[in-house]
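Residue-level structural notes
Residues per chain are reported as follows:
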Amino acid sequence: MSATGPAPRTPRVILHLDLDAFFASVEQLRDPRLRGKPVIVGNGVIASCSYEARARGCYAGQPLSEARRTCPGVVILDGSEAVYRAFAERTFALCADLSPSMETFLDEAFLDLTGSERLHGDLLERAARLKEHIRAQVGLPVTVGLGPNRMLAKIASKSVKPDGLRWIRPGDVGTVLPGLPVDRLPGVGRRVGAELGKLGVRTVGDLRAFPVETLVQMFGAPGRALHDRCRGRDTRPVALREVPLSVSRETAFAEPVTDPRNLEGMLYYLLERAVRHARGLHLAARTVRVWIDHTEAGRMAAARTLPAPSDQDAVLYDRARRILCRLFVRREAVRRVGVALSGFVADAAGQSDLFAGGADAGRERLYRSLDRVRSRFGHSAVVAGPSVRFLGALEQDRNGFVLRTPSLTK
Amino acid sequence: MRLERLDEAVQVRADFQGGRVSPRWIRRKHQELRVTQVTARWEDRRGSQKVHYFSVQVPSGDVYQLEFHTGDLLWKLNAVMLDG
């Protein structure tokens, strides 16, 4: 043992990779005639838009009717979830060569490169090679940011989009952070941003003037995280499998829906997708939230908490359907429906095996078998419950029904 | 741009080289289409079978989506993106 004390800690290096205008870039890659043109992928609202469309005022989440007015001549495509998933998987497979510690989302990834300089050499050069490799192998532009933590790596990449590369080193934090708009910090959404705006906080530097006690008093526990983050501190690890705060699925209907059976069928389908995703992470949910968007009256939403967490479709659907019945009381069509699971408890399978009765354990085995069948043959291999009514009415591919707005993981 | 679904079995002449397959000619009904460019390629699985997908451009400028099923060595033309 050394008498000089613990060895100095290796400085953390996190890499954040973002697929630029992902869906639109894939479409421009597939069809060269779209290159250089404003391209939108989405149905009902914009899911992704090319930089050419952004330059003409389009943005993600914008209703398509508005986008057509903002950007006449824009090319609008429905897109294909299965194709985008395949491109994302290919990209992340190339990233996995850099580090086994990787966390992926639909169009971005975090990699922990801490201590890998001896293996990779200069990390900025290695990141530049990764960008080139992805461009050559997959054909897509990506932006890469490096930083001493997740937050700074993402801030680095956001500042040089598209097709950029930047490293914010620990010594740069004092000069880079203070001037940034405060909503660039993770955890500053619309509500927190509005609260801070009332206090005259516009930049990260403004936020630093507030003591931790004040921020905790204003926002509860997240106030402490804000206090750390405005100083460039973020200890969140890069995990192979993130335990999400919630898993949600939603879709817009091609034609507004008035028949409650269609609403229930779609709710069942979306919930089944969300529960399958949660089961894949070995999570059981306690809370179910359902929302519907009326054509005129806007959104209605409600949530209920179960007495015990569950990862079973039937249990969660029963609760979701009851919520839907309470929400769908107006004589007005619905254009969008969604469901979210939250309040997750880990390793539900082990716990329920111990305490569940025979029927429950049997159902659990059934759902796990269905998951295995769907993993191998695609989600469409089994269509169950009230969603059976969509057989023949909606197109299907390997990933399930082809929805107007793909029910992607959020 | 307009996507037209086709879902037709077609004959394809292709190069297999260096672990990659590249379609060169497509024979569709009585028409031969020369592939001027493979613009994108990706893979997916159907059960245990790997399926290779290709976006290919032909001299008219139209872009076709082709799929090659490795299990039964079948080529399919599943869509074309047309101008207008």
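See above for the structure.
Residues numbered from 1 in each chain as written. Chains lettered and ligands numbered in written order. Predicted model: local features only at pLDDT ≥ 70, side-chain atom pairs only at ≥ 80, totals over all residues. Heavy atoms only, no water.

1. Describing the packing of aromatic side chains
Two measures describe an aromatic ring pair: the distance that separates the ring centres and the angle between the ring planes. Stated formally: Here a pair means two rings of Phe, Tyr or Trp (six-membered ring of Trp) with centres within 6.5 Å. Their orientation is stacked below 30 degrees between planes, edge-to-face above 60, and tilted elsewhere. A ring is scored as having a charge over it whenever the NZ atom of a lysine or the CZ atom of an arginine sits within 6 Å of its centre and within 35 degrees of its normal.
According to the stated counting rule, one finds ten aromatic pairs over all chains in the structure shown. Judged by centre distance (6.3 Å) and plane angle (85 degrees), the rings of A:Phe105 and A:Phe110 are edge-to-face. By way of ring pairs, the aromatic residues B:Phe16, B:Phe54, B:Phe68 and B:Trp75 are connected into one cluster. We note A:Arg169 situated over the ring of A:Trp167; from NZ or CZ to the ring centre the distance is 3.8 Å.

2. Observations regarding helix H6 (residues 123-137) of chain A
Residue and element names in this part refer to chain A. Just so we agree on the cut-off: Here a helix means four or more residues in a row that DSSP labels H or I, a strand means two or more in a row labelled E, and each is numbered from the N terminus. By this rule, a helix spans an expected 1.5 Å times one less than how many residues it contains. Whether a residue is buried, partly exposed or exposed follows from its accessible area with a 1.4 Å probe, protein chains only, as a fraction of its type maximum: under 20%, in between, or over 50%, in that order. Working definition: the arc comes from the directions between the helix axis and the C-beta atoms, pointing outward to the latter. Whether two residues are in contact is decided by their heavy atoms: any pair within 4.5 Å suffices.
Across its 15 residues, H6 extends 20 Å between first and last C-alpha, which sits within 8% of the 21 Å expected from 1.5 Å per residue. Of the positions making up H6, those classed as buried are Leu123, Arg126, Ala127, Leu130, Lys131 and Ile134. Taken down its axis, H6 places every buried residue within 145 degrees of arc, on the same side. Across H6 from its buried face, at more than 90 degrees, point the exposed residues Glu125, Glu132 and Ala136. Buried residues along H6 sit in contact with strand E1 (14-19), helix H4 (81-95), helix H5 (117-120), strand E7 (142-147) and strand E8 (165-167).

3. Brief notes about the side chain of A:Glu332
All names here are of chain A. Put simply, the rule reads: Whenever two N or O atoms come within 3.5 Å, that pair is a polar contact, provided that in protein one can donate a hydrogen and the other can accept it, and provided that, for residues adjacent in sequence, both atoms are side-chain atoms.
Looking at the element boundaries, glutamate 332 is found in the loop between helix H14 (313-327) and strand E12 (334-342). Within the local environment of glutamate 332, its side chain forms a polar contact with the backbone nitrogen of threonine 295, the two atoms lying 3.2 Å apart. In this structure the side chain of glutamate 332 is engaged in a polar contact, spanning 2.9 Å, whose partner is the backbone nitrogen of alanine 297. Residues in contact with glutamate 332, not counting those within four places in the same chain, are His294, Thr295, Glu296 and Ala297.

4. Digging into the side chain of A:His294
The topology assignment puts A:His294 in strand E10 (residues 283-294). Non-local contacts of A:His294, meaning those with residues more than four positions away in its chain, are made with A:Met300, A:Leu327, A:Phe328, A:Arg330, A:Glu332, A:Ala333, A:Val334 and A:Arg335.

5. A closer look at the sheet that holds strand E4 (residues 31-34) of chain B
Residue and element names in this part refer to chain B. What counts is decided by this rule: Strand pairing is assigned whenever DSSP detects at least two bridges linking the two strands. To obtain an axis, a line is fitted to C-alpha atoms, over the contacting stretch when the element is a helix, and the angle between two such axes runs from 0 to 180 degrees between their N-to-C directions.
Here we have three strands laid out as an open sheet, ordered E2-E3-E4, and antiparallel in their pairing. Edge positions in the sheet fall to strand E2 (11-17) and E4, since each has one partner strand and no second. On average, each strand axis in the sheet is tilted by 25 degrees relative to the strand beside it, whichever way the strands run. Where strand E3 (residues 20-28) meets E4, four bridges bridge the pair, whose relative direction is antiparallel. Residue pairing in the sheet places tryptophan 25 in a bridge with arginine 34 of E4.

6. Thoughts on the nonpolar core
All names here are of chain A. Here is the rule we go by: To form a nonpolar core, buried Ala, Val, Leu, Ile, Met, Phe, Trp, Tyr and Cys residues must be joined to one another through side-chain atoms within 4.5 Å.
Core analysis: the biggest nonpolar cluster contains 37 residues, and Leu263, Leu271, Val288, Val290 and Leu341 have the highest contact counts within it. Among the elements of the structure, strand E9 (246-257), helix H13 (260-280), E10, strand E11 (298-310), H14 and E12 are those that each provide at least two residues to this core. At ten residues, H13 tops the list of elements feeding residues into this core. Every residue in contact with valine 288, bar those within four places of it in the chain, is listed here: Leu271, Ala302, Ala303, Arg304, Leu306, Leu316, Arg319, Ala320, Ile323, Val339, Ala340 and Leu341. Listed in part, the 36 residues of the second largest apolar core include Ala88, Leu123, Ala127 and Val144.

7. As for the interface of chain B and chain A
Where interface size is quoted, it is often the accessible area lost as the parts come together. Quick reminder of the rule: Here the quantity called buried area is the accessible surface, traced with a 1.4 Å probe, that two parts lose on coming together, added over both. Whenever Lys or Arg places a side-chain nitrogen within 4 Å of a carboxyl oxygen from Asp or Glu, that contact is recorded as a salt bridge.
Taken together, the contact between chain B and chain A spans 22 residues of the former and 19 residues of the latter. Surface buried jointly by chain B and chain A totals about 1,600 Å² across both partners, of which 52% is contributed by carbon and sulfur atoms. For the salt bridge of B:Asp62 with A:Arg33, the shortest nitrogen-to-oxygen distance reads 3.4 Å. Listing elements by their share of the side of chain B that touches chain A, those giving two or more residues are strand E5 (37-46), strand E6 (49-57), strand E7 (63-69) and strand E8 (74-82) of chain B.

8. Considering the pattern of salt bridges
Pairs may arise between side chains of opposite charge once their charged atoms sit close together. Residue and element names in this part refer to chain A. Applying the stated criterion across every chain yields a total of 32 salt bridges over all chains. Residue aspartate 293 is joined to arginine 299 by a salt bridge in which the shortest nitrogen-to-oxygen separation is 2.7 Å. Overall, the relative accessible area of 7% leaves aspartate 293 in the buried class. On the accessibility criterion, arginine 299 (46% relative accessible area) is partly exposed. Through salt bridges with shared partners, one network takes in Glu250, Asp293, Arg299 and Arg336.

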